[in-house]
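Chains, contacts and geometry: an overview
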Amino acid sequence: MEQGIYWPSFFFLLFGAISCLFSVAVVLTSNIVRMAFYLVLALAATSGLFFLAGADFVGAMQLMIYVGGTLVLLIFGVMLTGKGPFVSLSTRGGEWILAALVGGSLLATLLPATQAVDQWQGISRDELPQTVSPTATRLGLGLLGARVDKLDQPNPALREGMSGYLLPFEIVSIHLLVVLIGAAYLARAKRRRATEIVE
Amino acid sequence: MTPLFASLLTEPVGVSHYMMVGAVMFVCGAVCMATKRNILGVLMGIELVLNGANINFIAFGSPYLRSDANQLGLDGQLIALFVIVLAAAEAAVALAIALNFYNQHNSIDIDRADELQG
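On a predicted model such as this, the values are computed, not experimentally measured, just so you know.

Per the secondary structure count, chain B includes four helices and zero strands. Written out in order from the N terminus, the α and β elements of chain B read α-α-α-α. Across the 118 residues in chain B, those meeting the buried criterion constitute 51%. Once local pairs closer than 6 in sequence are excluded, the contacts in chain B between residues at least 24 apart make up 51%.

Spelled out as structure tokens, the structure:
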């Protein structure tokens, strides 16, 4: 039976090809500014993949945090490499051969593993869930400790996993605060030392 | 490979397709970390690796990609959110270290960081 093009699959192919191609381009180029630009494109295409998988909130976070953070990386790259020799630090030939060998064997191990399970091959069009529900509310309640998506869990042994993510959320919040203070402390300007060097 | 690519445009994709994209990104990030001489290049490799892992989490949590009932559900998306937050924290610290390194050495070539070499 001839079926028309299934457009989500088409967009998966589009975004997947963009993210794969620009990931390879990040590896292959040696210009730091181009590298950062390719990385931004690859991460943005990945957020498209997240939207296609039904993870709308995570896709939006990917665009805002990840891509925004990488833009900061890009600005740093421009600032640190503006004057001369650091714009392109090229890799030596022998290292390329070794890296291609290791990367190729890693890829040859991982790709067959993705095909190993039959249930991972996807579902037919008729069995797809027909409803699309936004995930932001459920994610927010999950982070606060209420798993509204698992209220109907029939198995009592699995019900223990329903406790939510309140403690990890608090831990990661404190972690982020400490890390930002530490980063500001590490990166503070050392004026005195700089003048010593100049003198 | 034929059953995989035969109906790629007319049928919904599955977890394994997402995992292939994630595997390619992971390998690119690992190679990037190993070969780049620029500190910022190594950082970008780390971002690629974390992103490849995130693709797998999202794929296993999605209700649209696999037929059996053993989906991760919302847990996959929550873990992906934590990964994103930790990646942001890691990038902040690593950028601070890179700035310090640049102040000390006037260079961002990691091959110059060999004072602790035995």
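Having put the structure on the table, let's press on.
A separate point is the overall build of chain A. Secondary structure summary: chain A contains seven helices and zero strands in total. In chain A, which comprises 199 residues, the share counted as buried stands at 25%. In chain A, the share of contacts with a sequence separation of at least 24, taken over all contacts with a separation of at least 6, comes to 51%.

The N-to-C vectors of helix α4 (residues 93-114) of chain A and helix α2 (residues 15-35) of chain B enclose an angle of 160°; their axes lie 9 Å apart at closest approach. As judged from the angle between their axes, α4 of chain A and α2 of chain B are roughly antiparallel. Relative to α2 of chain B, the crossing made by α4 of chain A is right-handed. Where α4 of chain A abuts α2 of chain B, its residues Glu 95, Trp 96, Ala 99, Gly 103, Leu 106, Leu 107, Leu 110, Leu 111 and Thr 114 of chain A lie against Ser 16, Met 19, Met 20, Ala 23, Val 27, Ala 30, Val 31, Ala 34 and Thr 35 of chain B.

For the rest of this paragraph, the subject is the interface of chain A and chain B. The partner chain B presents 69 residues to the 78 residues of chain A that form the contact. Of all elements in the fold, only α1 (7-28), α2 (32-52), α3 (56-80), α4, α5 (136-143) and α6 (166-186) of chain A reach the threshold of two or more residues within the side of chain A that touches chain B. A per-element tally of the side of chain A that touches chain B places α1 of chain A first, with 12 residues. Tallied by class, the residues present in the side of chain A that touches chain B amount to 49 nonpolar, 23 polar and six charged.

Right, let's get into α2 of chain B. In this model α2 of chain B runs 30 Å from its N-terminal to its C-terminal C-alpha over 21 residues, within 8% of the 30 Å that 1.5 Å per residue would give. When you tally the buried positions in α2 of chain B, you get 19 out of 21 residues, the bulk of the element.

Another point: the nonpolar core. Formed by 70 residues in total, the largest nonpolar core has its most connected members in Val 26 and Leu 49 of chain A together with Met 44 of chain B. Of all the secondary-structure elements, those providing two or more residues to this core are α1, α2 and α3 of chain A together with α2, α3 (39-61) and α4 (74-105) of chain B. Not counting residues within four places of it along the chain, the set of residues in contact with Met 44 of chain B comprises Val 26, Met 35, Ala 36, Leu 39 and Leu 73 of chain A together with Cys 32 of chain B.

Turning next to the packing of α5 of chain A against α4 of chain B. Two elements in contact, α5 of chain A and α4 of chain B, have axes separated by 10 Å at closest approach and are oriented at 70°. Taken together, the axes of α5 of chain A and α4 of chain B are roughly perpendicular relative to one another. Between α5 of chain A, through Arg 138, Leu 139, Gly 142 and Leu 143 of chain A, and α4 of chain B, the contact on the second element is made entirely by Leu 74, Gln 77 and Leu 78 of chain B. Residues that form the contact of α5 of chain A with α4 of chain B fall into these classes: four nonpolar, two polar and one charged.

Summarising the element assignment, Leu 144 of chain A is placed in the loop between α5 and α6. Spatially, the C-alpha atom of Leu 144 of chain A lies 35 Å from that of Ile 75 of chain A, the residues being 69 residues apart in sequence.

In this section: the confidence of the model for chain B. Residues and elements named next belong to chain B. Overall, the prediction assigns chain B a mean pLDDT of 84, with 90% of residues at 70 or greater. Looking over chain B, one finds the lowest element-wise mean pLDDT in helix α1 (residues 2-5), namely 54, and the highest in α2, namely 92. For this predicted complex, the interface score ipTM comes out at 0.88, while the overall pTM is 0.86.

Our focus in this paragraph is the environment of Thr 46 of chain A. Take Thr 46 of chain A: it is sitting in helix α2. Separated by 31 residues in the primary sequence, Thr 46 of chain A and Phe 15 of chain A place their C-alpha atoms 6.8 Å from one another. Ignoring anything within four residues of it in the chain, the contact list for Thr 46 of chain A reads Ser 19 and Gln 62 of chain A together with Asn 51 and Ile 55 of chain B.

Moving on, we come to the confidence of the model for chain A. Averaged over all residues, the pLDDT of chain A is 82; the fraction at 70 or higher stands at 84%. Within chain A, helix α7 (residues 191-198) of chain A has the poorest average pLDDT of any element, 55, and α1 of chain A the best, 92.

What counts and how
- Residues numbered from 1 in each chain as written.
- Chains lettered and ligands numbered in written order.
- Predicted model: local features only at pLDDT ≥ 70, side-chain atom pairs only at ≥ 80, totals over all residues.
- Helix = DSSP H or I, 4+ residues; strand = E, 2+ residues; numbered from the N terminus.
- Buried ≥ 20, exposed ≤ 12 C-beta atoms within 10 Å, placed from the backbone.
- Contact = placed C-beta atoms within 7 Å.
- Axes fitted to C-alpha atoms, helices over the stretch in contact; angles between N-to-C directions.
- Parallel < 35°, antiparallel > 145°, perpendicular 65-115°, else oblique.
- Left-handed = near helix turned anticlockwise from the far one by under 90°.
- Nonpolar A, V, L, I, M, F, W, Y, C, P; charged D, E, K, R; others polar.
- Expected span 1.5 Å × (residues − 1).
- Core = buried A, V, L, I, M, F, W, Y, C linked by C-beta atoms within 7 Å.
- pLDDT = per-residue confidence, 0-100.

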